[in-house]
Amino acid sequence: MRLTFPHMGNAYIFVGDLLRRLDVEFIVPPKTSTRTIELGVRYAPELACFPLKVTLGNFIEGIEAGADAGIMIGGVGPCRFGYYAETQRRILRQIGYDIPMYILEPPTAHPLKFYRVFKQLCPKKTLRHLWKELRISWKKAVFIEKIEAYALKVRCFEKDLGSTTKAKKRAISLLENAFSETEIEKAFEEGLGLLNQVEKEDRVAPKIGIVGEFFILLEPYVNFDIETILGEMGFYIERSVFLTDWINPGTKAPVTGHSKDEVLNAAAPYLSHFVGGDGRQTIGHSILFIKEGFEGIVHLLPFTCMPELIAKSILPKISYDFDIPFLYLVIDEQTGRAGIQTRIEAFADLVRQRHLKNILPKKDKINWTQKGKIQPVGVNIR
Amino acid sequence: MLGLPRALLYYKYGLLWETFLKNLGIDIVTSPPTSKLIVEMGLDVAESEICMPVKIFYGHVKYLIEKQKVDAVFLPRMVAIEKPAYTCPKFLGLPDMIQAAFPEANIISETFNRKKGLRSYYQSYINLAEKLGAKKWHSIKALLKAEKISYEFSKKLHSGDSFSEAINKVKTKKKDSKIINHNRSNIRVGVAAHSYNIYDEYYSLNLLNKLKSMGATYITPDNVPHNIWAKYSNKLPKFLFWTYERELVGSAFYWIEKGMVDGIIYVMSFACGPDSIVQYVLEDEAKKFGIPMLTIVLDEHSAEAGLITRIEAFIDMLERKKR
Ligand code: SF4
Ligand code: SF4
């Protein structure tokens, strides 16, 4: 049996790493491309949300490449994500790929179901094995995302356009190929070094925060790599969602460094109840960004996404109350790169002009000379 | 004066809410049935990509505030009305969404979450009444009355009355009189849909009456008791975590298994999250049983002529199949 699973940004590295450690065979589908999206759109229900279509495309391409089973995260609602795997299993069967789909339900909600699936996949392993390997894979995943987060912060200071992206790619592949715990730690240090060695220039970089739906934020192919575009335009970028922050069961997010309560409390005056997905996080992180002196916020969401539309119904009020511009980008298979590019440019101009008019007090500004302030948070995790 | 928007879950719990509030001695007013004006008001304030039923809800709130000059809007947060499942994310965020769009409005809200236990669920009513200045004892009495009426109402529904018949009977305390059906076609369809998608006559383009005038009889998920749809929906291999979709799928399974319907009409709103998935799942299941299913997607541009043609064609097809 060879498993396949969707990409979701760098999530495939984490999943693949863990499966390798547990001696489960797998096939990583080809990178998400126009073809992936076409396949997904062709077979998924027309009104389903975009991530379902893209990940369906990944499954199909994975099966074409030789996989004969799928693995996917489940969920208990109230957002559609929890029903993705079940729906995709049905779609695949309809189009002639009657493969078993292993659905990993969250162990906190369904410990037994989780255990059963684990045992089916690795009959010879115990939970202790899983825990031991998971800890190492996890560390790798967190480090990869810390590298990502750090690159977002320093890209705006690079002297040669694209040098940060190049360094980041090298750093991530170092981590990808590291196996033992010490190797992983070493690769991380080296990776940070690569990013630090990128030649920098001193310049004033206004801060832009990116918030929104999990999948769209994690998958650069579908979000048109907006973080890199803005970074290369000279903006300091942070984003709200990281895979490991999202899965992390503890309270403090390893990558952004915010605790769950901090985010939810920030959201509370505007959205006091959870709404599934990342709706409340979108509101909370927007407020935190604004309080930290960010001068513009980009909200990315799939068309018809429920939690994000709830957030989008509320964000204009926040934008008004704090006088901060927001850019809303609704993404699906019909979104064109050209349109997005123009809107990003217009938004970037707006933020820069407001910045130059000195709307913010001096102390909230950052530039490379103050680089000591820019740190990948919590470098030493255990 | 406290205003109730005649939209979304009003079509489920309106009777209960009205009775409860009236018995508390609160002066209430309910917005009129959806009209062109109300829809326009909704489109004006609501987020542009959100599902139409929510936009219509915004319209009713705006109408209550601007035209009916209410002092406050009644808007409970219905998180879960049964232990295992949620309603829809939109209902979880609705009070906050409305507050953001109408910052000046006074919104009377309280969270109803059956997942936290039956006691806390009923406590929510007491808390709500307290916000309106009612004493605990008073609110318990009002709640009992409301529950009684709503029980009678659901009994009427379960005995086969349509939504409007049941409302009329309960409100006017009319005795049951069995209406004899004179059907030319005796085609029976199950209409699987959220209550606000089919009982809002303006938005649904009067779909149910159209079915009737074409000579078909229909049955809706409201006619199926909770325990039955819950049991039948659990036949799905993966537990469905949205209550109203459970109701819809469970009812459909029940109708199919008992041979109660010749076909199913699935009515959903464009941009509806849960239905976009569940429509597919139900279609997949209905295929296995050879039960035809017609899906109607409503949005602000739905046209009457197109709807009639599609339903007629569907009914014709069912008739041919039956012969
Ligand atoms: S968060 Fe949005 S896009 Fe993601 S599954 Fe939920 S509804 Fe779909
Ligand atoms: S169930 Fe669908 S139509 Fe109803 S509020 Fe939710 S998304 Fe809108």
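Note on numbering: residues in each chain are counted from 1, in written sequence order. Note on labels: chains are lettered from A, ligands numbered from 1, in written order. Given that the model is predicted, a residue must reach a pLDDT of at least 70 before its local features are reported, and side-chain atom pairs must reach 80 or more before they are shown or counted; all residues, however, enter totals for whole chains, interfaces and linings. Values shown for side chains rest on all heavy atoms present in the structure; no hydrogens or waters enter the calculation.

In this description a helix means any DSSP run of H or I spanning at least four residues, a strand means any run of E spanning at least two, and both kinds are numbered starting from the N terminus. Tallying secondary structure elements over chain A gives 15 helices and 8 strands in all. Each radius of gyration is computed over the set of C-alpha atoms, and the globule rule expresses the reference value as 2.2 Å times the number of residues to the power 0.38. A compact globule built from 382 residues should have a C-alpha radius of gyration of about 21 Å, and chain A, at 21 Å, falls within 12% of that. Working definition: with a 1.4 Å probe on protein chains only, accessible area under 20% of the residue-type maximum means buried, over 50% means exposed, and in between means partly exposed. When each of the 382 residues of chain A is scored for burial, the buried share is 60%. Contact definition: two residues touch when any of their heavy atoms are within 4.5 Å. Long-range pairs, those at least 24 residues apart, make up 73% of the contacts in chain A between residues at least 6 apart in sequence. Within the structure as shown, chain A displays about 15900 Å² of accessible surface, and the carbon and sulfur contribution to it stands at 55%. The centroid of the 51 positive side-chain charges in chain A is displaced by 3 Å from the centroid of its 45 negative side-chain charges. Note on areas: these come from Shrake-Rupley sampling with a 1.4 Å probe, and a residue is covered only by the protein chains present in the view. Think of it this way: Lys and Arg go in the positive column, Asp and Glu in the negative one, and His and the chain ends go nowhere. Think of each charge as sitting on NZ of Lys, CZ of Arg, CG of Asp or CD of Glu.

What follows concerns the site of ligand 2. The local shell around ligand 2 consists of Cys51(B), Pro53(B), Val54(B), Cys88(B), Lys90(B), His194(B), Tyr196(B), Cys272(B), Gly273(B) and Pro274(B). Of all elements in the fold, only α3 (52–66) and α12 (273–289) of chain B reach the threshold of two or more residues within the shell around ligand 2. Residues are counted as near a molecule or strand when any one of their heavy atoms sits within 4 Å of it.

Around ligand 1 sit Cys49(A), Pro51(A), Cys79(A), Arg80(A), Phe81(A), Tyr84(A), Glu213(A), Pro302(A), Cys305(A), Met306(A) and Pro307(A), and that is every residue in its neighbourhood. The nonpolar class holds Ala, Val, Leu, Ile, Met, Phe, Trp, Tyr, Cys and Pro. Asp, Glu, Lys and Arg form the charged class, and all remaining residues, Gly among them, are polar. Here the residues of the shell around ligand 1 sort into 9 nonpolar, no polar and 2 charged.

In this structure, Phe274(A) sits in the loop between α12 (260–267) and α13 (279–291). Sequence-wise, Phe274(A) and Ile73(A) are 201 residues apart; in three dimensions their C-alpha atoms are separated by 20 Å. For Phe274(A), the residues in contact, after removing those within four places along its chain, are Pro78(A), Arg280(A), Tyr86(B) and Leu92(B).

Moving on, we get to the packing of helix α6 (residues 127–154) of chain A against helix α8 (residues 181–197) of chain A. Residues and elements named next belong to chain A. At a closest axis distance of 10 Å, the pairing of α6 and α8 adopts a crossing angle of 5°. Between α6 and α8, the angle falls in the class roughly parallel. In contact with Arg135, Ile136, Lys139, Lys140, Phe143, Lys146, Ile147, Tyr150 and Ala151 of α6, α8 contributes Glu181, Ile184, Glu185, Phe188, Gly191, Leu192, Leu195 and Asn196. Orientation is described by axes fitted as lines to C-alpha atoms, over the contacting stretch for helices, and by angles from 0 to 180 degrees between their N-to-C directions. In what follows, roughly perpendicular refers to angles from 65 to 115 degrees, roughly parallel to angles under 35, roughly antiparallel to angles over 145, and oblique to any angle outside these ranges.

What follows deals with the sheet that holds strand β1 (residues 3–4) of chain A. All names here are of chain A. Here the rule is simple: two strands pair whenever DSSP picks up at least two bridges between them. In spatial order, the strands read β2-β1-β3-β4; together these 4 strands make up an open sheet with parallel pairing. Looking at which strands have only one partner, the edges of the open sheet turn out to be β2 (26–27) and β4 (101–104). Pairing of β1 with strand β3 (residues 69–73), which is carried by 2 bridges, proceeds in the parallel orientation. The partner of Thr4 across the bridge, within β3, is Gly70. Across the sheet, helix α5 (residues 111–121) lies against β1, β3 and β4, angled at about 135° from β4, the strand it touches most.

The next subject is the pattern of salt bridges. All names here are of chain A. Salt bridges are defined by distance alone: a side-chain nitrogen of Lys or Arg within 4 Å of a carboxyl oxygen of Asp or Glu. Evaluated as defined, the whole model comprises 40 salt bridges over all chains. Glu185 is the partner of Lys139 in a salt bridge, and the nearest nitrogen-oxygen pair spans 2.6 Å. Note that Lys139 is positioned in helix α6 and Glu185 in helix α8, a separation of 46 residues in sequence. Note that Arg239 and Glu148 form a salt bridge whose closest N and O atoms lie 3.2 Å from each other. Here Arg239, found in strand β6 (residues 236–239), pairs with Glu148, found in helix α6; they are 91 residues apart in sequence, far enough to count as distant. The same class applies to Arg239 as to Glu148, namely buried.

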